[in-house]
Amino acid sequence: LARDLGLPTATSELMHFGDEVAIVVERYDRLRTQSGVTRAHQEDTCQALGVHPTRKYENEGGPGVTSIARILREHSRAPAEDIDTFIDALAFNWIVAGTDAHAKNYSFLIGIGGTIRLAPLYDIASALPYESMREQKIKLAMKIGGKYRVRDIGAHEWQKCAGELELDPDPVLARVAGMAASIPDQVSALREREQEKGLAHPVVERLVDAIIKRARSCARVMPGAPSTR
């Protein structure tokens, strides 16, 4: 779904091995060259900032949104593009209730001279299909505008987040609103496409229905969001 929305992600594919069905994820930190496969060096945010991995969640003392944006602004070869992608990732995780988007799930590919690019997104998971996770209690791994709980985050918090990142709030709110508005159609189309490949399970149905419902709820709290039907 994130890839269908235009976010750079690790490439994953549904594959069949005899009677087994598996999701296969291709490593993006390996490059095929004439001399063989070469490793592309990467560091996650905890590694880049020297933070112990047990503190990967912001509420445990780990890096937050401003720390990641600062790394991108100071060291990326394309800071504006990478920060836009990071905003999209934050928005996506807010909409789908991606509670595990902590500092070790954002990484940087390191190039010549120590310049970096934000790595493709990976390990994206939604808490929505799990009956034990009631939406009013779901918390994100990083604060948006000072709030962790997804139900407490709205236009004001996104505006505040934009200010913390030294960005014009209007384009940021427009990006978030546009994503929320487009997700219901995108995830419905994705469900049909993946069902044809054999990915059919009650959890998938619950996840898709929950994402549609939540995306429409998110769109309603964002100013200027297009209609989501």
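See the structure shown above.
What counts and what doesn't
Residues numbered from 1 in each chain as written. Predicted model: local features only at pLDDT ≥ 70, side-chain atom pairs only at ≥ 80, totals over all residues. Heavy atoms only, no water. Helix = DSSP H or I, 4+ residues; strand = E, 2+ residues; numbered from the N terminus. Buried < 20%, exposed > 50% of the residue type's maximum accessible area, 1.4 Å probe, protein only. Polar contact = N/O pair within 3.5 Å; in protein donor to acceptor, adjacent residues only side chain to side chain. Contact = heavy atoms within 4.5 Å. Pairing = 2+ DSSP bridges. Axes fitted to C-alpha atoms, helices over the stretch in contact; angles between N-to-C directions. Expected span 1.5 Å × (residues − 1). 1 Å grid on protein atoms, 1.4 Å probe; cavity = no way out; pocket = protein on both sides within 12 Å on 5 of 7 lines; lining within 4 Å. Points joined across faces, edges and corners; volume = space filled by probe spheres on them. Nonpolar A, V, L, I, M, F, W, Y, C, P; charged D, E, K, R; others polar. Phe/Tyr/Trp six-rings, centres within 6.5 Å; stacked < 30°, edge-to-face > 60°. Salt bridge = Lys/Arg side-chain N within 4 Å of Asp/Glu carboxyl O.

By secondary structure assignment, the location of Asp29 is in the loop between β2 (20–25) and β3 (30–33). Of the residues examined, Asp29 reaches a relative accessible area of 8% and is grouped as buried. At 3.2 Å, the side chain of Asp29 forms a polar contact with the side chain of Arg30. If near-sequence neighbours (up to four positions away) are discounted, Asp29 is found in contact with Thr38, Arg39 and Ala40.

This brings us to the sheet that holds strand β7 (residues 116–118). Pairing in this open sheet of three strands is antiparallel, and the strands run β5-β6-β7 from one edge to the other. A strand with exactly one partner marks an edge of an open sheet, and here the two such strands are β5 (42–44) and β7. Shown here is a sheet whose adjacent strand axes are inclined to one another by a mean of 30°, direction ignored. When strand β6 (residues 107–110) meets β7, the two strands line up antiparallel, connected through three bridges. When the sheet's bridge partners are listed, Phe108 is paired in β7 with Leu118.

With that out of the way, let us pick up the pairing of strand β1 (residues 12–17). Relative to β2, β1 runs antiparallel, the two sharing six bridges. By the bridge assignment, Met15 is partnered in β2 with Ala22. Taking the residues that link successive antiparallel strands as the turn, the β1-β2 hairpin has two residues, and the phi of Gly18 there is positive, at about 65°.

Our next topic: the side chain of Ser126. With respect to the helices and strands, the residue Ser126 is situated in the loop between β7 and β8 (139–144). The exposure class of Ser126 is buried, given its relative accessible area of 15%. Looking at Ser126, its side chain comes within polar contact range of the main-chain oxygen of Val96, at 2.5 Å. Beyond its immediate stretch of four places on either side in the chain, Ser126 contacts Val96, Ala97 and Leu207.

Turning our eyes to something else, we now look at helix α3 (residues 79–96). Taking 1.5 Å per residue as the helical rise, α3 with its 18 residues ought to reach 26 Å, and the 26 Å between its terminal C-alpha atoms agrees with that figure. Across the 18 residues that make up α3, a large majority, 14, are buried. Immediately beyond the C-terminal end of α3, within one or two residues, lies Ala97, with a positive phi of roughly 60°.

Time to look at the layout of surface pockets. Here the largest pocket defines a volume of roughly 1200 Å³. Listed by contribution, the elements that provide at least two residues to the lining of the largest pocket are β1, β2, α3, α5 (169–196) and α6 (202–220). Classifying every residue of the lining of the largest pocket by side-chain character gives 22 nonpolar, four polar and eight charged.

Attention shifts here to the packing of aromatic side chains. Enumeration over the complete set of coordinates arrives at three aromatic pairs. Residues Phe86 and Tyr106 carry aromatic rings whose centres are separated by 5.1 Å and whose planes lie at 85° to one another, so their mutual orientation is edge-to-face. Here Tyr106 lies in the loop between α3 and β6 and Phe86 lies in helix α3, a separation of 20 residues in the sequence. Note on Phe86: relative accessible area 0%, which makes it buried. For Tyr106, a relative accessible area of 3% puts it in the buried group. An angle of 65° between the planes, with centres 5.7 Å apart, marks the rings of Trp94 and Trp158 as edge-to-face. Of this pair, Trp94 sits in helix α3 while Trp158 sits in helix α4 (residues 155–164), and the two are 64 residues apart along the sequence. In terms of burial, Trp94 and Trp158 fall into one category: buried.

This next bit is on helix α2 (residues 65–75). Every buried residue of α2 is listed here: Val65, Ser67, Ile68, Ala69, Ile71 and Leu72. Each element contacted by the buried residues of α2 is listed here: α1 (45–49), α3, β6, β7, β8 and α4.

The next subject is the pattern of salt bridges. If the charged atoms of two oppositely charged side chains come close together, the side chains can form a pair. The final tally for this structure, using the stated rule, is twelve salt bridges. A salt bridge links Asp152 to Arg151; the nearest nitrogen and oxygen atoms lie 3.9 Å apart. On the accessibility criterion, Arg151 (54% relative accessible area) is exposed. A salt bridge links Asp209 to Arg191, with the nearest nitrogen and oxygen atoms 3.2 Å apart. Taken together, the residues span a long stretch of sequence, with Asp209 in helix α6 and Arg191 in helix α5 at a distance of 18 residues. Judged by relative accessible area, which is 44%, Asp209 ranks as partly exposed. Residues participating in the shared-partner salt-bridge network are Arg27, Asp29 and Arg30.

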